[in-house]
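Listed below are the residues making up each chain.
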Amino acid sequence: MEITEQEKLRMNELYVTLSTKHAQLFHGLYHRVFELSTGFCNGHEHQTPDGTW
């Protein structure tokens, strides 16, 4: 399956919005003494029984 240039641009637009919201939430919670771990799930990674990805 080939991804068109228009589809790539649309995915990048969505990613920028997601990434911006991620940064807002992370920095807002980080300064309130929460221990944070973040990432994006792309469906290719799976958690192992010992808790690592």
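Residues numbered from 1 in each chain as written. Predicted model: local features only at pLDDT ≥ 70, side-chain atom pairs only at ≥ 80, totals over all residues. Heavy atoms only, no water.

Enquirer: Kindly report on the overall build of the protein chain, identifying the contributing residues and their values.
Expert: The secondary structure content of the protein chain amounts to 1 helix and 0 strands. For the protein chain, buried positions account for 0% of its 53 residues. A total of about 5,400 Å² of accessible surface is found on the protein chain, and carbon and sulfur atoms cover 58% of it. (Helix = DSSP H or I, 4+ residues; strand = E, 2+ residues; numbered from the N terminus. Buried < 20%, exposed > 50% of the residue type's maximum accessible area, 1.4 Å probe, protein only. Areas by Shrake-Rupley, 256 points an atom, 1.4 Å probe, with all protein chains shown as cover.)

Enquirer: Could you give me a rundown of a nonpolar patch on the surface, with the residues and numbers involved?
Expert: Judged by side-chain polarity, M1, I3 and M11 come together as a nonpolar surface patch covering roughly 390 Å² of accessible area. Among the structural elements, M11 can be located in helix 1 (residues 5-30). Look at M11 and you get partly exposed, because its relative accessible area is 44%. (Patch = residues over 30% accessible without salt bridge, like charges linked within 9 Å, V, L, I, M, F, W, Y side chains within 5 Å. Salt bridge = Lys/Arg side-chain N within 4 Å of Asp/Glu carboxyl O.)

Enquirer: Break down the pattern of salt bridges for me, citing the residues and quoting the values.
Expert: Per the stated rule, a full pass over the model turns up 1 salt bridge. Between E13 and R10 there is a salt bridge; the shortest N-O distance is 3.1 Å. A residue pair is termed a helical-turn pair when its members lie 3 or 4 positions apart in one helix, as E13 and R10 do in helix 1 at 3 residues. With relative accessibility at 47%, the residue E13 sits in the partly exposed group.

Enquirer: Help me get a handle on the environment of R10, residues and values and all.
Expert: With a relative accessible area of 46%, R10 lands in the partly exposed category. In this structure the side chain of R10 is engaged in a polar contact, spanning 3.1 Å, whose partner is the side chain of E13. (Polar contact = N/O pair within 3.5 Å; in protein donor to acceptor, adjacent residues only side chain to side chain.)

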